[in-house]
Amino acid sequence: MILTAENIHKSYRMGHAELRILRGAGLAVGDGESLAVIGMSGAGKSTLLHILGGLDRPQQGRVMLGEDDVYAISSRRQTRMRATQVGFVFQSYHLLPEMDVLENVMLPGMALRHWDGKTLRERGRELLQAVGLAERQGHRPVELSGGEQQRVALARALMNHPRLVLADEPTGNLDEETGRQVLDYLFSLTRKEGHAMVLVTHDRRTAARCDRVMKLQDGLLVPA
Ligand SMILES: Nc1ncnc2c1ncn2[C@@H]1O[C@H](COP(=O)(O)OP(=O)(O)OP(=O)(O)O)[C@@H](O)[C@H]1O
Ligand SMILES: [Mg+2]
């Protein structure tokens, strides 16, 4: 297993009340496997994804990414783990507007400081080629359509050869046809490079493209 989460509990304080979002959720994802997580709005899907990626500590439970116990390692190792093992894709792209497309893709690699500029550039170009945007590398994100911006975000997520891709409604802002095209790129890239993936989606048809589907319901993950 590349990723396991056991007995995850997460609640938020609302004044005197406690909002219990996750109540013992668990999952396991094998190397190269894709898992879709569906569930109603507010069920806790984004919360779960952040917890899986080391971005939000649960009150209880354990997340293992490979051999790393995500919330037991030092914060330095945790930062490094996020940079090297996990690629995030969000609904709203999160590209840096002042950088061009290639720089956006290269960014996670720059943070690692173990590749020289040429290697970074080559990897960035290879990924832009793979998402059909080789010709747009010098453009600013605002000059691209939503679907194109999301393809840049996919390329950026894969820059450091992560073992795991976490995608939160990656087609939520796109029309159906563009969304399907972005998913085609996402699935073909994750298959080619052998990444495991957890994909959060509202859409059953999108979910069905993953190897497995689970539903987040009443704070638990159940087979869907
Ligand atoms: N920082 C926070 N403080 C308080 N409540 C929060 C916080 N973050 C999330 N919540 C609440 O937790 C619940 C789950 O939120 P989450 O964003 O995980 O849902 P979701 O399943 O991703 O929904 P959607 O499908 O709409 O994206 C919501 O009721 C939300 O209001
Ligand atoms: Mg969400």
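Below or above, wherever it landed, is the structure these notes cover. Just so we're clear, the structure is a prediction, and the values are computed from it rather than from any experiment. (Residues numbered from 1 in each chain as written. Chains lettered and ligands numbered in written order. Predicted model: local features only at pLDDT ≥ 70, side-chain atom pairs only at ≥ 80, totals over all residues.)

1. As for the packing of helix α5 (residues 146-158) against helix α6 (residues 176-193)
Two elements in contact, α5 and α6, have axes separated by 9 Å at closest approach and are oriented at 15°. Considering their axes alone, α5 and α6 lie roughly parallel with respect to each other. Between α5 and α6 the crossing geometry is right-handed. Taking contact as the criterion, the partners of Gly146, Gly147, Gln150, Arg151, Leu154 and Leu158 in α5 are, on α6, Thr178, Gln181, Val182, Tyr185, Leu186, Leu189 and Glu193. (Axes fitted to C-alpha atoms, helices over the stretch in contact; angles between N-to-C directions. Helix = DSSP H or I, 4+ residues; strand = E, 2+ residues; numbered from the N terminus. Parallel < 35°, antiparallel > 145°, perpendicular 65-115°, else oblique. Left-handed = near helix turned anticlockwise from the far one by under 90°. Contact = placed C-beta atoms within 7 Å.)

2. Observations regarding the pairing of strand β10 (residues 220-223)
Where strand β9 (residues 212-217) lies against β10, four bridges are found, and the strand directions are antiparallel. Across the sheet, the residue bridging to Met214 is Pro223, located in β10. In this antiparallel pair of consecutive strands, β9 and β10, the connection spans two residues, and Asp218 shows a positive phi of 50°. (Pairing = 2+ DSSP bridges.)

3. Some points on the site of ligand 1
Residues in contact with ligand 1, as listed here, are Tyr12, Leu19, Ile21, Gly39, Ser41, Gly42, Ala43, Gly44, Lys45, Ser46 and Thr47. Going through the elements one at a time, β2 (17-29) and α1 (45-52) are the ones with two or more residues in the shell around ligand 1. Among the elements that take part in the shell around ligand 1, α1 stands out by supplying three residues, more than any other. Across the shell around ligand 1, the residue classes tally to four nonpolar, six polar and one charged. (Near = placed C-beta within 6 Å. Nonpolar A, V, L, I, M, F, W, Y, C, P; charged D, E, K, R; others polar.)

4. Overview of the packing of helix α3 (residues 101-112) against α5
Direction vectors running N to C along α3 and α5 enclose 30°, while the axes themselves pass 7 Å from each other. Overall, the two elements α3 and α5 adopt an arrangement that is roughly parallel. For the pair α3 and α5, the sense of crossing is right-handed. Here Val101, Asn104, Val105, Leu107 and Pro108 of α3 lie close against α5, whose contacting residues are Val152, Ala155 and Arg156. Looking at side-chain class alone, the contact of α3 with α5 contains six nonpolar, one polar and one charged residues.

5. Some details on the sheet that holds β9
The pairing of strands in a sheet comes from backbone hydrogen bonds and takes either a parallel or an antiparallel form. The sheet built from six strands is open, its strands ordered β6-β7-β8-β3-β9-β10 with mixed pairing. Edge strands, defined here as strands with exactly one partner in the open sheet, are β6 (86-89) and β10. Across this sheet, the average inter-strand angle for adjacent strands is 20°, counted without regard to direction. When strand β7 (residues 164-168) meets strand β8 (residues 196-200), the two strands line up parallel, connected through five bridges. Counterpart to Ala167 in the pairing with β8 is Leu199. On the sheet, α5 packs against β6 and β7 and is oriented at approximately 165° with respect to β6.

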